Amino acid sequence: MFARLLFLRLVTPLVWRKSKTRLEKSIELFAVTESDSGWQILYALKKVSNLKFRALMFQHALEEFYHGDQFHEARLRCGGLRHLNGQHTRTVLFAPEQKGRGIKEFLAYAHVGEFDVMSQFSAYANAAGNHHSREHFENFQIDEKQHAKLTFVLLKKVVGSTTKAKLAVLKARFTRLKESWIHFGEWFGQLNVSLILGALYFLFGPLVYFGCKARLK
């Protein structure tokens, strides 16, 4: 967790401020992720019988949709393209028909996600600079903190004790770490290809250039 925060604070500002397109794509990804969180909560809501908790979860979902809409608007206010290239696929997190994807696992996974986002939003706010999304990163931290508390309270009610809830959260943490490692491997693989192609260009580019120039003469 500390390593990720350090990476966000050191690298993300350089990347976002160097490339407006990359910043816009990142902000739009936040919009999609927040909206998807709202959808995931509504999808799992049917398995919560307590009316008070159902109301709190519904409010949670509405706030996630609001966050997504605000991030989307922040990108558009900076003159960004209305539609960015790329498609976003949805993975249903709550799938009770599959082992290990019931309401307990869903709430534990959601808690870890909300806690991580809450911890990272200050770093993203710093990286955003003067972009309109900065104020959203700063303001939404309070909501994410409440979401993390709510999902843990619900998890404790489902599993019956704080100890069992913490064990479920630990398991979810390992799951998210594994997913992060896979994503990092994909990103690093693409980076390696870019570095190799860049090196080949600088090594052999001049030779090709002068050869082509000589043929034109």
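Since the model is a prediction, treat every value here as computed from it, not as a measurement.

Caption draft 1: Geometry of the overall build of the protein. When its secondary structure is counted, the protein shows seven helices and zero strands. The order of helices and strands in the protein, counted from the N terminus, is α-α-α-α-α-α-α. By residue count, 34% of the 217 residues in the protein fall in the buried class. Sequence separation of at least 24 residues holds for 73% of the intrachain contacts in the protein that already meet a minimum separation of 6. Total accessible area computed for the protein in this model is approximately 14200 Å², and 61% of it derives from carbon and sulfur atoms.

Caption draft 2: The environment of arginine 17, seen in detail. When you line up the elements, arginine 17 lands in helix H2 (residues 12–18). Through-space distance from the C-alpha of arginine 17 to that of alanine 127 is 7.7 Å; in sequence the pair is 110 residues apart. The contacts of arginine 17, once residues within four sequence positions are left out, are Asn126, Ala127 and Gly129.

Caption draft 3: Quick peek at the pattern of salt bridges. Scanning all chains against the criterion turns up five salt bridges. When the shortest N-O distance is used, the salt bridge between aspartate 116 and arginine 173 registers 2.8 Å. Separated by 57 residues along the polypeptide, aspartate 116 in helix H5 (residues 103–128) and arginine 173 in helix H7 (residues 162–216) bring together distant segments of the chain. Residue classification places aspartate 116 among the buried positions, given a relative accessible area of 8%. Judged by its relative accessible area of 24%, arginine 173 falls in the partly exposed class. Salt bridges sharing partners connect three or more residues here, namely Asp116, Arg173 and Arg176.

Caption draft 4: Inspection of the packing of helix H3 (residues 20–44) against H5 at higher detail. Relative orientation of the contacting elements H3 and H5 amounts to 155°, with a least axis distance of 12 Å. Here H3 is positioned roughly antiparallel relative to H5, judged by the angle of their axes. Judged by the twist between their axes, the crossing of H3 over H5 is left-handed. Contacts between H3 and H5 pair Phe30, Glu34, Gln40, Ile41 and Ala44 from the former with Ile103, Phe106, Val117, Phe121 and Tyr124 from the latter. Taken together, the residues of the contact of H3 with H5 sort by class into eight nonpolar, one polar and one charged.

Caption draft 5: Highlighting the packing of aromatic side chains. In total, this model carries 15 aromatic pairs according to the counting rule given. Plain terms: the ring middles of phenylalanine 30 and phenylalanine 137 are 5.0 Å apart, the flat faces sit at 80° to each other, and that makes the pair edge-to-face. Linking phenylalanine 30 in helix H3 with phenylalanine 137 in helix H6 (residues 133–159), this pair joins segments that are 107 residues apart in sequence. Look at phenylalanine 94 and phenylalanine 106: their rings are 6.3 Å apart centre to centre, the planes differ by 65°, and that puts the pair in the edge-to-face class. Within this pair, whereas phenylalanine 94 is found in the loop between helix H4 (51–77) and H5, its partner phenylalanine 106 is found in helix H5, the two being separated by 12 residues in sequence. Just as phenylalanine 94 is buried, phenylalanine 106 falls in that class too. A cation over an aromatic ring shows up here: lysine 46 above the ring of tyrosine 43, its NZ or CZ 4.6 Å from the ring centre. One cation-aromatic arrangement involves arginine 90 over tryptophan 39; the distance from NZ or CZ to the ring centre is 4.2 Å.

What counts as what
- Residues numbered from 1 in each chain as written.
- Predicted model: local features only at pLDDT ≥ 70, side-chain atom pairs only at ≥ 80, totals over all residues.
- Heavy atoms only, no water.
- Helix = DSSP H or I, 4+ residues; strand = E, 2+ residues; numbered from the N terminus.
- Buried < 20%, exposed > 50% of the residue type's maximum accessible area, 1.4 Å probe, protein only.
- Contact = heavy atoms within 4.5 Å.
- Areas by Shrake-Rupley, 256 points an atom, 1.4 Å probe, with all protein chains shown as cover.
- Salt bridge = Lys/Arg side-chain N within 4 Å of Asp/Glu carboxyl O.
- Axes fitted to C-alpha atoms, helices over the stretch in contact; angles between N-to-C directions.
- Parallel < 35°, antiparallel > 145°, perpendicular 65-115°, else oblique.
- Left-handed = near helix turned anticlockwise from the far one by under 90°.
- Nonpolar A, V, L, I, M, F, W, Y, C, P; charged D, E, K, R; others polar.
- Phe/Tyr/Trp six-rings, centres within 6.5 Å; stacked < 30°, edge-to-face > 60°.
- Lys NZ or Arg CZ within 6 Å of the ring centre and 35° of its normal.

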